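# Architecture and fold: a report
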Amino acid sequence: MNIQEIALPVTEYINEVTQKSMIFLHHTAGGHRPDAVINSWKNDRDNNGNPIRVATSFVIGGISTTTNDTAYDGKIVRCFPESKWAYHLGIGGALLNKKSIGIELCNYGPLTFQPGRGFVNYVNTIVPEAQVIELPVPFRGYKYYHKYTNRQLDSLSQLLNQLCSLYSINRNLGLKASLTANAANPAIAFGVNPNALNAASGIWTHTNVRQDKSDCSPQLPLISLLKSL
């Protein structure tokens, strides 16, 4: 597994080593390039011009929705040491953020179908039908989502296994355990989970702690990956 380094300035994360017992999966709600995501974090500022320390350690690239460029598909980029932390959850104060490692998949998230145009993302640009997945039942109000690519999921699987081994995080806890308990309706496992909110160890997704988020969505290939860990 190859991991590229594009370092954020130390002012963009909290330069403190913390004990890790959780991993949270996200998608970026944006384009296919990890470097563009990281540059946006590098350049964001609050109203007083101070750095906003919101980021995840890892970003995994996808396929362009405009040119079908696959050069970044599945590429893993690390922008700060995962032993340290940044605010990536928007809930739980420092505790959940300190205890967790964040991973982003480059992906636009929910889509709507517009007759005559096709599948449209939240910034009103077209996502090719080949990059669209239809869920069995709507999730967070949407039936169509930007599909996580095969290469993204392959890279994610390798990265999760490596991180779980390095930090002694039990792969069977968290979302995987919830998927087993809700085998008849896997989407339930992607809902808000009290265990995640209480900082229980395991692999989780942003939707497990935020009702207003759609990352990650319960796509069957992602579910299959999590079950296979």
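Predicted model only: the values in this text are computed from it and were never measured.

### Some details on the overall build of the chain
Scanning the chain from terminus to terminus reveals six helices and 11 strands. Radius of gyration (C-alpha) of the chain: 17 Å, near the 17 Å computed for a compact globule of 229 residues. Taken over the C-alpha atoms alone, the chain extends approximately 50 × 40 × 35 Å along its principal axes. Within the chain, contacts between residues at least 6 apart in sequence are counted, and of these 71% link residues at least 24 apart. For the chain, the accessible surface area stands at approximately 10,300 Å², while carbon and sulfur atoms represent 50% of it. When the 20 positive and 15 negative side-chain charges of the chain are each reduced to one mean point, those points stand 5 Å apart.

### Things to note about the sheet that holds strand β10 (residues 142-146)
Taken in spatial order, the five strands line up as β8-β7-β6-β10-β9 in an open sheet, and their pairing is antiparallel. Every interior strand has two partners, whereas the edge strands, β8 (126-127) and β9 (132-139), have only one. Two elements, strand β6 (residues 110-114) and strand β7 (residues 118-120), share three bridges in a ladder whose sense is antiparallel. The residue bridging F113 from the neighbouring strand is F119, located in β7.

### As for the packing of aromatic side chains
Two aromatic rings, taken as a pair, are described by how far apart their centres are and by the angle between their planes. Under the criterion given, the structure shown has seven aromatic pairs. Consider the rings of Y13 and F80, whose centres lie 4.8 Å apart with planes at 15°: the pair is stacked. In this pair, Y13 sits in the loop between β1 (3-5) and β2 (22-27) while F80 sits in the loop between β4 (76-78) and α2 (93-99), placing the two residues 67 residues apart along the sequence. F80 shares its class with Y13; the two are buried. Consider the rings of Y142 and Y145, whose centres lie 6.5 Å apart with planes at 75°: the pair is edge-to-face. Judged by relative accessible area, Y145 falls into the buried class, the value being 0%.

### Digging into the side chain of T207
Tracing the sequence through the fold places T207 in the loop between β11 (202-205) and α6 (220-228). Since its relative accessible area comes to 0%, T207 is described here as buried. A polar contact of 2.6 Å, which involves the side chain of T207, links it to the backbone oxygen of F190. Leave out the neighbours within four places in its chain, and T207 touches F139, R140, F190, G191, V192, K213, S214, D215 and C216.

### Examining the side chain of S217
If you trace the backbone, S217 turns up in the loop between β11 and α6. With relative accessibility at 0%, the residue S217 sits in the buried group.

### Overview of the packing of helix α3 (residues 150-167) against α6
Look at α3 against α6: their axes get within 11 Å of each other, and the N-to-C directions meet at 25°. In terms of axis orientation, α3 runs roughly parallel to α6. Judged by the twist between their axes, the crossing of α3 over α6 is right-handed. Between α3 and α6, the contacting residues are L153, L156, S157 and L160 on the first element and P221, L222, L225 and L226 on the second.

### Topic: the pairing of strand β5 (residues 100-105)
Burial within β5 is extensive, with six of its six residues counted as buried. Here β5 shows a buried face lined by S100, G102 and E104 and a second buried face lined by I101, I103 and L105. In the sheet, strand β3 (residues 58-60) pairs with β5 via three bridges, with the strands oriented parallel. The residue bridging V59 from the neighbouring strand is E104, located in β5.

Definitions and cut-offs
- Along each chain, numbering runs from 1 in the same order as the chain's sequence is written.
- Since the coordinates come from a predicted model, pLDDT governs what is reported: local features require at least 70, and pairs of side-chain atoms require 80 or more to be given and counted, while whole-chain, interface and lining totals use all residues.
- Derived side-chain values reflect all non-hydrogen atoms in the structure, with water molecules and hydrogen atoms excluded from consideration.
- The way it works is that DSSP assigns letters per residue, a run of H or I at least four long becomes a helix, a run of E at least two long becomes a strand, and they are numbered from the N terminus.
- C-alpha atoms define the radius of gyration, and 2.2 Å times the number of residues to the power 0.38 defines the globule rule.
- In this analysis, two residues are considered to be in contact whenever any of their non-hydrogen atoms come within 4.5 Å of each other.
- To be clear on the numbers: accessible area is Shrake-Rupley with a 1.4 Å probe, and residue cover counts the displayed protein chains and nothing else.
- His is not counted, nor are the chain ends; Lys and Arg add positive charge and Asp and Glu add negative charge.
- In plain terms, the charge of a residue is placed at NZ if it is Lys, CZ if Arg, CG if Asp and CD if Glu.
- Following DSSP output, two strands are said to pair if at least two bridges run between them.
- Stacked, edge-to-face and tilted are the three classes for Phe, Tyr and Trp ring pairs, Trp counted by its six-membered ring, which pair at centre distances within 6.5 Å; planes under 30 degrees apart are stacked, over 60 edge-to-face, the rest tilted.
- Buried residues are those whose accessible area, probed at 1.4 Å on protein chains only, stays under 20% of the maximum for their type, while exposed residues exceed 50% and partly exposed ones sit between those limits.
- Pairs of N or O atoms are called polar contacts if they sit within 3.5 Å, as long as, within protein, a hydrogen donor faces a hydrogen acceptor (for residues adjacent in sequence, only side-chain-to-side-chain pairs).
- Throughout, an axis means a line fitted to C-alpha atoms (over the contacting stretch in the case of helices), and angles, computed between N-to-C directions, take values from 0 to 180 degrees.
- Roughly parallel refers to an angle under 35 degrees, roughly antiparallel to one over 145, roughly perpendicular to one between 65 and 115, and oblique to any angle outside these ranges.
- Handedness of a crossing follows from how the near helix is turned relative to the far one, being left-handed for an anticlockwise turn of less than a right angle and right-handed for a clockwise one.

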